Structures are given as structure tokens and as C-alpha cells.
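Letter by letter, the chains look like this.
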Amino acid sequence: MSTMSAKARSGGEKEPSGMRTKTLGESTSLEEAKRGQVIFVAYLIATLELTFLFMQMGVMPYLAKSLGLDSVGFGYLQTIFGVLQLVGGPIFGRFADQFGSRAALILSCASGTAFFLLVSISTSIPLLFLSRLPTVFMHGLPGAQKIITEMTVPSQRADALGKIGLCFGIGIIIGSALGGVLSTKFGVFVPIYVGLVGNVINTMIAVFGIPSEAKPKPDQHLKENSNVFSIREILRLMKFPGVMEIFLVKVFAGLPIGLFLVMFSIISMDFFGLEAVESGYLMSYFGVLQMVVQGLVIGRLTNHCTERTLLRLSIFVFAGVGLGMALMRTVWHYCIIAVPLMFAFSTLGTITDSILTKAVPSSDTGTMLGICASVQPLTRTMGPTIGGFLYRYFGVSSFGYLQLVVNIGLFVYLLKSKIPLREMKTQ
């Protein structure tokens, strides 16, 4: 009896064990599928927000001109936008850390709705300037990156973050083209109305497409320092090993080309002699290049190279791009240079974002992404002044020589220094 009971118990234990293994396997598959769906929704939200943003960027100069705003006033309008994005990036990231990536994406989409609503009723210059205020929290790209960092393991992060470039490329191509077609056929306000409706839809996607459980893990430090606007808490991240060094490399490596891109609308007219339509085609070309590089190339490279190697490679290519820019004379030269330029630009952004989010605790990744997102607004804010000075007194080649010198210096620094790069996030 006891032997039979033992066998029965033994047999009875084996079956649930097998069933339990199967259940765990099915559960893991379901969790992976759910993570994939959430990441897809994050990509979708970022793509739509960027599409509507580029749509209005194409028509904004014409809207400003119709309201009587001159070129100097329009420059002030762009500067305000850059400053608000610069200030709002780290605050938005800290908000995401404290209240969750779902709440942060909803805030970004709702801010986009408010922005387009104010632009749609802008019948005067003061209203047009007022419409810029909601852009302080329009950060769909960092919000999507926050989702990705939560849903991927560190070894897959660079590849997943790189695919954000597909969203950016689609936004440039569709947004620029659609904005031009709609404004030409139906009037300058029609792209704004489309953007307004689109942002309302985007907000609904964020509400219902991101699960409510996508919240940050409880963290005693966050509880004790719950002030979203705390500058001290934002700057605290720079004290982690390697963070300050990588962040400064990110800023300085892309600064010269950032200055060039800020001045590109003027350079395309004066130096290359392009018409508005031809400039649009060139922007679409950039969008396609970015989609290819970030969607197909970076992911493959991360499977064969370390992030330290890819960082050095991007800086080295940037230096070569600087030499090419210093020697270019026609738009066709620039189209050739654009290939390595887009590779270096995309690789630098993706790899540094991946490294920096791994270098800080998981509860601070949103703030770190917000700080990273402030680099481009910083360039847009300083760009018109510094870039205008370089272009006026030294010509287009000055951007290339600056790019060459800065990145050679950074490349030598990266070869000699031993910056500590963590492979896993601190928990």
C-alpha cells in the first residue's frame, strides 16, 4: 500500500510538473507577444507624432508670413520652440520615471493636441507665440524610447532603439510631403486641422494601446525625491560612472553637423541654388537614408560589434564626413557625403542612448532619455547664432573643418581613455 501510494504520489507529481513547465512556456510566449505589441504601439505613436510635427513645420513659415511675422520674428519663434524643448526634455523624462511611460506618452500626445489647437486658432502673432507653450511636454520620441528600455533586455536595446529611426524617416517623408500637398491644394490651415485630429487619435492610442500596468517599479529614492522639477535630481545622473564622458561626446561630436543642419535652409538656397521643391526631395532622401541605416544596418552591427567599438567607429566616420564637407562644391557631392553622414549620425545617437540608459538605475532611464533628447534642442537654440556667424564669415567649408577637428580630437580621446561602460543596468 505504501509503495503504491509512493508511486501514485511520484506519478502524480510528475504530471503537474510537466503541465507547470508547459504553462510557464506558454506564459513566457504570451509575455513576449505582449511586449512586442506594446513596443509596436510605441513605434506607432512616435511615427504619428513626428509625421504631424513635420507636417506643420513645412507650412509654419507661410502661416507666420500671412500673419505679418518677418524673418527675424520667425527666428524668435523657432528659438522659443527650441528653448521649451530643451527645458522640457529632462522634466518630461523625470515625469516618466515617476508616473510611468504610459502616463508620459499620454501627456506628450495631449500636449500635441493642445499645440495644434492653439495653432489652428492663431489669427494673430501673439496667439502664434502662445501656441508654442504646450511643446514643452511634446516628447513622443523619448516616451517611446522609455517604453523600449522597459520592454527589452540590455543586449537587445541598441537594435530596438535603432528602429526608432524608421519612425523618424517615415515622419520626415510623409509629413513633409503631405503638409506641402494639403497646404497647396486646400490652404495653409488644413495641415494644422489634420494634425489636430491626428493628435486626438494618437492620444486615444496611448490611452488604450499601452497597458495601465506599464508603471515604474517602486523606488525609495523616487519617493523621497518626488519633485519632477528638481534640477539637483536631474543633474545627479551625471555623477554615475561614464555618464558625463559619454554625454559630452554625444554633444560635441554632433554639434558641428547640427550647426550645419540648422543653417541648411539658407545653405540650400544660397550655396546649392535649390528651389523649395528640390529641397523637399533632398529631405525625403535623408529620410530614406535614415530608415535604411537605423532600421537595417545598426541592428546587424550590434550583433557583431561592441558598443564601445561602434561609438569609436561613428566618431571616426564623422571626422571623414567633415573632410568631405570641407571639400564639397555641389549638391551631388552632398548627396554622396550624406550616406556616411547619416550612418555616423544615427549610430552615434543610438549607441550613446543605449550606453547612457544602461549606466543609470532602471528607475532613472526616463530622465536620462530626456537629457539625451535635450541635445538637439540645445543645438537648435544656439545654432542660428553660431552657425550664422560661421557661414557669413568663413563659408560652408568652415562647418566641415570644425567637424573634422572636433571629431579627430574625440576619436583620440576615446582611444586613450578607459570610460567605464556597464553592460547591464543597475537595479
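Residues numbered from 1 in each chain as written. Predicted model: local features only at pLDDT ≥ 70, side-chain atom pairs only at ≥ 80, totals over all residues. Heavy atoms only, no water.

The name an unreviewed UniProt entry assigns to the protein chain is Organic cation transporter-like protein 2, from the organism Turnix velox. Per UniProt, the protein chain carries the Function (unreviewed entry) text "May act as a transporter of organic cations based on a proton efflux antiport mechanism. May play a role in the transport of chloroquine and quinidine-related compounds in kidney. Plays a role in the regulation of lipid metabolism." Taken from UniProt, the Subcellular location (unreviewed entry) comment for the protein chain reads in full: "Apical cell membrane". (UniProt positions renumbered as here; feature names shortened; annotations may be inferred.)

### Topic: the overall build of the protein chain
Within the protein chain, the regular secondary structure consists of 18 helices and zero strands. Residues counted as buried form 49% of the 427 residues belonging to the protein chain. Long-range pairs, those at least 24 residues apart, make up 86% of the contacts in the protein chain with a sequence separation of at least 6. For the protein chain, the computed accessible surface area is about 20200 Å², with 69% contributed by carbon and sulfur atoms. (Helix = DSSP H or I, 4+ residues; strand = E, 2+ residues; numbered from the N terminus. Buried < 20%, exposed > 50% of the residue type's maximum accessible area, 1.4 Å probe, protein only. Contact = heavy atoms within 4.5 Å. Areas by Shrake-Rupley, 256 points an atom, 1.4 Å probe, with all protein chains shown as cover.)

### Some words on the packing of helix α3 (residues 101–120) against helix α8 (residues 190–209)
Viewed as axis vectors pointing N to C, α3 and α8 meet at an angle of 165 degrees, and their least axial separation amounts to 8 Å. With respect to α8, the axis of α3 lies roughly antiparallel. Handedness of the α3/α8 crossing: left-handed. Where α3 approaches α8, its residues Arg102, Leu105, Ile106, Cys109, Ala110, Gly112, Thr113, Phe116, Leu117, Val119 and Ser120 are matched on the opposing element by Ile192, Tyr193, Gly195, Leu196, Asn199, Val200, Asn202, Thr203, Ala206 and Val207. Class assignment for the residues of the contact of α3 with α8 results in 13 nonpolar, seven polar and one charged. (Axes fitted to C-alpha atoms, helices over the stretch in contact; angles between N-to-C directions. Parallel < 35°, antiparallel > 145°, perpendicular 65-115°, else oblique. Left-handed = near helix turned anticlockwise from the far one by under 90°. Nonpolar A, V, L, I, M, F, W, Y, C, P; charged D, E, K, R; others polar.)

### Regarding the pattern of salt bridges
By the definition in use, this model includes five salt bridges. Glu150 is paired through a salt bridge with Lys146; the nearest N and O atoms lie 3.5 Å apart. Taken together, the residues span about one helical turn, with Glu150 and Lys146 both in helix α5 (residues 140–151) at a distance of four residues. Look at Glu150 and you get partly exposed, because its relative accessible area is 30%. According to the relative accessible area criterion, Lys146 is buried, its value standing at 3%. Note that Asp364 and Arg236 form a salt bridge whose closest N and O atoms lie 3.1 Å from each other. On the criterion of sequence distance, the pair formed by Asp364 in the loop between α15 (331–359) and α16 (365–373) and Arg236 in the loop between α10 (231–235) and α11 (243–262) is long-range, its members being 128 residues apart. (Salt bridge = Lys/Arg side-chain N within 4 Å of Asp/Glu carboxyl O.)

### Here we look at the confidence of the model for the protein chain
Within the protein chain, residue pLDDT values average 81, and 86% of them lie at 70 or more. Considering only residues more than four positions removed or in separate chains, one finds that residues 1–27, a stretch of pLDDT under 50, has one contact. Throughout residues 218–224 the model reports pLDDT below 50, and contacts reaching past four residues in sequence, or to other chains, amount to eight contacts. (pLDDT = per-residue confidence, 0-100.)

### A short note on the nonpolar core
With 59 residues, the main nonpolar core has Phe260, Tyr334, Met368 and Phe399 as its most contacted residues. Those elements that place two or more of their residues in this core are α11, α12 (264–270), α13 (276–302), α14 (307–327), α15, α16, α17 (375–394) and α18 (397–416). For this core, the element with the highest residue contribution is α15, accounting for 14 residues. Beyond its immediate sequence surroundings of up to four residues, Met368 is in contact with Leu237, Met238, Val243, Leu356, Thr357 and Val360. Counting residues in hydrophobic clusters, the runner-up holds 23 residues, among them Ile39, Ala42, Cys167 and Ile210. (Core = buried A, V, L, I, M, F, W, Y, C linked by side-chain atoms within 4.5 Å.)

### Looking at the environment of Tyr413
One can find Tyr413 in helix α18. On the basis of relative accessible area, Tyr413 is assigned to the partly exposed category, the value being 35%. Distance in space between the C-alpha atoms of Tyr413 and Val249 is 9.5 Å, their sequence separation being 164 residues. Not counting the four nearest positions on each side in its chain, Tyr413 is found in contact with Glu245, Val249 and Ile419.

### Concerning the packing of α11 against α17
α17 packs onto α11 with a crossing angle of 50 degrees between their chain directions and a minimal axis gap of 8 Å. Here α11 lies oblique to α17, going by the angle between them. As α11 packs across α17, the resulting crossing turns out to be right-handed. For the pair α11 and α17, contact is made by Phe247, Lys250, Val251, Leu255, Gly258, Leu259 and Val262 and by Val375, Thr379, Arg380, Met382, Gly383, Pro384, Ile386, Gly387 and Leu390, respectively. Looking at the contact of α11 with α17 residue by residue, the class counts come to 10 nonpolar, four polar and two charged.

### Focus on the environment of Ile125
Among the secondary structure elements, Ile125 is positioned in helix α4 (residues 125–130). Classification of Ile125 as partly exposed rests on a relative accessible area of 25%. Put simply, Ile125 and Ala64 are 61 residues apart on the chain and 7.6 Å apart in space, counted from C-alpha to C-alpha. Beyond its immediate sequence surroundings of up to four residues, Ile125 is in contact with Leu67, Gly68 and Leu69.

### A short note on the side chain of Ser346
The residue Ser346 is located in helix α15 in this model. Within the structure, Ser346 has its side chain in polar contact with the backbone oxygen of Met342 (distance 2.9 Å). (Polar contact = N/O pair within 3.5 Å; in protein donor to acceptor, adjacent residues only side chain to side chain.)

### Some details on the packing of aromatic side chains
The tally for this structure, following the rule as stated, stands at 17 aromatic pairs. Between Phe316 and Phe411, the ring centres sit 5.4 Å apart and the planes meet at 50 degrees, which makes this aromatic pair tilted. Highlighted residues: Phe316 in helix α14 and Phe411 in helix α18, separated in sequence by 95 residues. Ring centres 5.0 Å apart and planes at 45 degrees place the aromatic pair Phe389 and Tyr393 in the tilted group. Here the residue Phe389 and the residue Tyr393 both occupy positions in helix α17, the gap between them amounting to four residues, near one helical turn. In textbook terms, an aromatic cluster arises when at least three aromatic residues are bridged by ring pairs, as seen for Phe260, Phe264, Phe271, Phe272, Tyr285, Phe286, Tyr334 and Phe399. (Phe/Tyr/Trp six-rings, centres within 6.5 Å; stacked < 30°, edge-to-face > 60°.)

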